[in-house]
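Chain by chain, the residues run as shown.
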Amino acid sequence: MKKAARLFDCMEIQAKEPRVSLLNAKVNGDWKAYSTQEVHTLIYQLAMSLLDMGVSQGDSTTEGRDKIGLISNGRPEWLITDLAVQLIGAILVPLYPNSNPKELEQILNEAEVKYLFVSTKELCGKVNEVRLNIPSLKAVYTFDQMEDCPNWAELFKPLQEGYREKLSKISDTITENDVTTIIYTSGTTGRPKGVMLTHKNILTNVMASGEVLSQIPIEQKIALSFLPLNHIFEKMCTYIYLFFGFSIHYAESMDTIGANMKEAKPYIFTAVPRLLEKVFEKIMVQGQKLTGIKRKIFLWSITVAEQFEINNNNLWYKTKLAIADKLVYSKWRNAIGGNVKAIVIGSSACPIKLEKIFTAAGMVVLEGYGLTETSPVIAVNHYQKSGRKFGTVGPLLSGVQVRIADDGEILCKGPNVMVGYYKNPEMTAEVIRDGWFCTGDIGELDKDGFLKITDRKKEIFKTSGGKYVAPLPIENKMKENHFIEQMMVVGAERKFTAALIVPSYTNLKPWCKQNDIAFSSNNEIIKDSRVVALYQSIINAFNPEFNHVEQVKKVTLMPDEWSIESGELTPTGKMKRKVITEKYKAEIDKMYTGEEHENPSLVH
């Protein structure tokens, strides 16, 4: 074939080397494999039905082309819908399943979505709450069978003679510069913005990122997918799999990832740091249950992993690593199928401690960096040792340019940079200047060309004394302690820096047991003087690593973990600082009432 220019060109490549299990998902508790031929047939059938329903390219402008909405977790149906929409020149508008009805209404109206596909009864109900307020919406179809909502199965009709010619007549007019999707950012602040991405934006990222992943030594091209597919990180990686001959297995849910990994035996998967934190927590819980020599070996292996360095050729350390691998790390790998070679991490900063531990255990962590607006990858660590550095997000992706502005902001230019924000030229002009996209992140390029992220420009705050504090490095460093689950540094226009901390109750409970402290509830345990002293000592140990104004003077321990469901985290696990600040205003204010002394203290 000619050089791929559109995302759906992956279908022609797949047709030449068909697989019996291109896509795989659980149906009624058992894995169902969709062959290349089955997937392609379903794509063609859906595309023809959409044409029959009046979906069209319109006048070929982004505003004039029909929009198809999609709200679902990752599953084969998501990808089939995406490719069917692409083939007929319409534009996919995917949304997060946990979006609230008001947000759904806003996005569906702004994009003037014509038809909507949802996966579950719950999502259908959520849409029905606001459906009367969305005049453009003609119908809603569900992937799951239910009585009171049309099922997408009714759209799959036998293909009539000439269907390929009819589809080709349309798809041949689609160019690499046509917008293929509008992805609304979850946003840590403010109203979601519709990022317009072309085939070229995403495909150049797919090809360059695929070259990086091709370094990974795998015997079978099997990937597990569980992150939201409407997030550009997972969507782009999915197209790497489709262009480079992988089979994709979709996890049933976030709760079943471990079991699904054991069954699918993937060699690679993508994740966010929060997931790695949870996996490591489970490892620690199991390790803490051990006794005697087994417990000592487990704890020793953790210490060995924490000391891992990429280019450490010390023979004694390599011997210890090999012993730890045989006795401990091999069991970790076997628990998730035994084949995982690499974990690609994105969305937010990954603690270096976790990178070292998983990499030492033979599951190389490849942290990358990017934004929805950059399709998304700007830089990523490589599998090869020369292309990896802890504490960085790796070398720049091929074809991507970066320069650091005078104020430290990372500016990006390349074929991956979005067209702009949908129906928002003013905001587009604010972030794209002379072809350079302003990321809003602060960073630096080291002498070897590795990019390091130091903070978010909007998150840096000024104390009442006029001193600037970058919260992210403080949080990331202190979160290396396994007793700290989550942390948010505060202090804007205040006299000193303080923080809210969510303890790692998974690790705190066994510590309490070892120290004869009764663990009645989270609310009660954070008031115990011995627990307070523990966190006091943790803060005291870290503070000397920061300058005076950055040192955390007071801390409030929180009883409940911040989550997507409770509203403190975005769908990709980033903290919504504004939401947390408003929600816990009383707790924050309490840290700044009364005597504001210099010594750290914990407040309840």
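Check the entry above for the structure.
Residues numbered from 1 in each chain as written. Predicted model: local features only at pLDDT ≥ 70, side-chain atom pairs only at ≥ 80, totals over all residues. Heavy atoms only, no water.

**Quick notes on the overall build of the chain**
So, point 1. Helices and strands together make up the secondary structure of the chain, namely 20 helices and 26 strands.
So, point 2. On C-alpha atoms alone, the chain measures out to a radius of gyration of 25 Å, which is about the 25 Å that the 2.2 N^0.38 rule sets for 604 residues.
So, point 3. With the C-alpha coordinates of the chain rotated into their principal frame, the extents come out at 75 × 55 × 55 Å.
So, point 4. Per-residue burial for the chain yields a buried fraction of 56% across its 604 residues.
So, point 5. Counted over contacts in the chain with a minimum sequence separation of 6, partners at least 24 positions apart contribute 66%.
So, point 6. The average position of the 73 basic charges and that of the 71 acidic charges among the side chains of the chain differ by 4 Å. (Helix = DSSP H or I, 4+ residues; strand = E, 2+ residues; numbered from the N terminus. Rg over C-alpha atoms; globule rule 2.2 N^0.38 Å. Buried < 20%, exposed > 50% of the residue type's maximum accessible area, 1.4 Å probe, protein only. Contact = heavy atoms within 4.5 Å. Lys, Arg positive; Asp, Glu negative; His and termini not counted. Charge placed at Lys NZ, Arg CZ, Asp CG, Glu CD.)

**Digging into the packing of aromatic side chains**
So, point 1. Considering all chains together, one arrives at 13 aromatic pairs under this definition.
So, point 2. Each ring, one from tyrosine 329 and one from tryptophan 332, has its centre 5.2 Å from the other, and the planes form 55°; the classification is tilted. A residue pair is termed a helical-turn pair when its members lie 3 or 4 positions apart in one helix, as tyrosine 329 and tryptophan 332 do in helix H12 (residues 315-335) at three residues. Taken individually, tyrosine 329 and tryptophan 332 each receive the classification buried, so the pair is uniform in this respect. (Phe/Tyr/Trp six-rings, centres within 6.5 Å; stacked < 30°, edge-to-face > 60°.)

**Things to note about helix H7 (residues 199-213)**
So, point 1. In this model H7 runs 20 Å from its N-terminal to its C-terminal C-alpha over 15 residues, within 8% of the 21 Å that 1.5 Å per residue would give.
So, point 2. In terms of residue burial, H7 counts as a mostly covered element, since eleven of its 15 residues are buried.
So, point 3. For H7, every residue scored as buried is listed here: His199, Asn201, Ile202, Leu203, Asn205, Val206, Ala208, Ser209, Gly210, Val212 and Leu213.
So, point 4. With a side-chain oxygen positioned 3.3 Å from the backbone nitrogen of lysine 200, the residue opening H7 is threonine 198. (Expected span 1.5 Å × (residues − 1). Polar contact = N/O pair within 3.5 Å; in protein donor to acceptor, adjacent residues only side chain to side chain.)

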